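Tertiary structure, described
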Amino acid sequence: MRSAASTNPLEAAYLNWAAGGCQYNLNTLNTYDAFKLVYDTLARGGARDLGLIDADPALFQSDRNRAFVEDLRHLTADEYLFSLYATTEDIRQRAVYRAAVRLDEIRDLKNRLAKAEKDAKAGARAKKSAEYRVGRAVCRLPRKIQRIARDFRKGRS
């Protein structure tokens, strides 16, 4: 069975464009009076004139557009504005949480970097020590014998 959006892609594109445009413009108004005027105009017939109210909900490609049209049908301007605030607050809280997590990650990376730098310095000091140089000299012959034996086994295989 084909979806409504696939049977009439031009209508679906128009409805999604109109709903998204109305929502964006409404949500970016910077005074309450302008917001209320536009919302009330849309809710009292403007959205119906655009074909949004009577459209098949399946034609809306995003839940956000579908929810916006439902809000125009059922919410007052104040209720819609409050729902935006709650959503904005949720977004703010998620952003604060993500920032805190990133700060923890940055602190962890800084600590790991400091430890790696400390370990690198300790390794460099160890290579300069007398014990390391004596150990390398003492083990030089056994390492040479191991290499020769390994190369001999590889040549035989």
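Right above here is the structure, for reference.
Residues numbered from 1 in each chain as written. Predicted model: local features only at pLDDT ≥ 70, side-chain atom pairs only at ≥ 80, totals over all residues. Heavy atoms only, no water.

**A word on the overall build of the chain**
In plain terms, the rule: Helix and strand definitions here come from DSSP, where helices need a minimum of 4 consecutive H or I residues and strands a minimum of 2 consecutive E residues; each element is numbered from the N-terminal end. A radius of gyration in this sense is built from C-alpha atoms; the matching globule rule multiplies 2.2 Å by the number of residues raised to 0.38. Think of it in three bands: with a 1.4 Å probe and only protein chains considered, a residue is buried below 20% of the maximum accessible area for its type, exposed above 50%, and partly exposed in between. Whether two residues touch is decided by their heavy atoms; if any such pair falls within 4.5 Å, the residues are in contact. Accessible surface area values rest on a Shrake-Rupley calculation with a 1.4 Å probe, where residue burial reflects the displayed protein chains alone.
Summing up its helical and strand segments, the chain has six helices and zero strands in all. Starting at the N terminus and walking to the C terminus, you meet the elements of the chain as α-α-α-α-α-α. Relative to the compact-globule value of 15 Å for 157 residues, the chain shows a C-alpha radius of gyration of 34 Å, a clear excess of over 25%. Out of the 157 residues in the chain, the part that is buried amounts to 17%. Counting only contacts in the chain whose residues sit at least 6 apart along the sequence, the fraction spanning at least 24 positions is 68%. Of the roughly 12,200 Å² of accessible surface on the chain, 59% is carried by carbon and sulfur atoms.

**Here we look at the environment of N25**
Applied cut-off: Polar contacts, as used here, are pairs of N or O atoms within 3.5 Å; protein pairs need one atom able to donate a hydrogen and one able to accept it. Residues neighboring in sequence count only if both atoms are side-chain atoms.
Position of N25 among the secondary structure elements: in helix α2 (residues 9–27). A polar atom in the side chain of N25 sits 2.8 Å from the backbone oxygen of G21.

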